[in-house]
Amino acid sequence: MKTSQMSIKNQVVLVGHIGATPEVKELSNKKYCRFSLATNESYKNAVGEKVTETQWHSCTAWGKTAEFCEQLLQKGTFVLVTGKLTHRDYVDAQGVKRYITEVLINEFLVLSGRPE
């Protein structure tokens, strides 16, 4: 009997609102854009009350995608992003090792502008 091999892929799809004005910088002549994305999940607790939990996701885009983010995204924009989950670490100015988990964006789709 043959077993099929499943391709395993690191892919993230998030739909949410941009938390603050995206930060755009340039590194080695290549733009990058960072922003936080809020996603909400609602459910009813044990006593029947509606509870909404917000999760914040750090997102980064590079190159042309970063340029499009700079042009199209602003605080409050409702957006769908696709990308991959990445982990990295660095040492801060005080010598403390910090860890970051972020979504490295491949594509995004603006679903609506900033809420009124």
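As the structure is a computational prediction, the values presented were derived from the model and not from experiment. (Residues numbered from 1 in each chain as written. Predicted model: local features only at pLDDT ≥ 70, side-chain atom pairs only at ≥ 80, totals over all residues. Heavy atoms only, no water.)

### Side note on the pairing of strand β4 (residues 50–62)
Right, so step 1: Note that strand β3 (residues 30–44) and β4 share 13 bridges and pair antiparallel. By the bridge assignment for β4, Arg 34 is matched with Thr 60.
Right, so step 2: Following β3, the chain reverses through 5 residues before pairing antiparallel with β4; Gly 48 in that reversal takes a positive phi of roughly 85°.
Right, so step 3: The pairing of β4 with strand β6 (residues 97–112) spans 2 bridges and is parallel. The residue of β6 that forms the bridge with Thr 60 is Leu 104. (Pairing = 2+ DSSP bridges. Helix = DSSP H or I, 4+ residues; strand = E, 2+ residues; numbered from the N terminus.)

### Section: the environment of Val 47
Right, so step 1: Relative to the assigned elements, Val 47 resides in the loop between β3 and β4.
Right, so step 2: Using a relative accessible area of 65% as the deciding quantity, one classes Val 47 as exposed.
Right, so step 3: Between the alpha carbons of Val 47 and Glu 26 there is a distance of 51 Å; along the sequence they are 21 residues apart. (Buried < 20%, exposed > 50% of the residue type's maximum accessible area, 1.4 Å probe, protein only.)

### Remarks on the side chain of Thr 60
Right, so step 1: Within the fold, Thr 60 resides in strand β4.
Right, so step 2: If we ignore the near neighbours within four places in the chain, the residues touching Thr 60 are Cys 33, Arg 34, Glu 102, Val 103, Leu 104 and Ile 105. (Contact = heavy atoms within 4.5 Å.)

### Regarding a nonpolar patch on the surface
Right, so step 1: A grouping of Val 15, Leu 109 and Leu 111 is seen on the molecular surface, where their side chains present a nonpolar patch of about 240 Å² in accessible area.
Right, so step 2: Tracing the backbone shows Val 15 in strand β1 (residues 12–18).
Right, so step 3: Residue class for Val 15 comes out partly exposed when judged on its relative accessible area of 38%. (Patch = residues over 30% accessible without salt bridge, like charges linked within 9 Å, V, L, I, M, F, W, Y side chains within 5 Å. Areas by Shrake-Rupley, 256 points an atom, 1.4 Å probe, with all protein chains shown as cover. Salt bridge = Lys/Arg side-chain N within 4 Å of Asp/Glu carboxyl O.)

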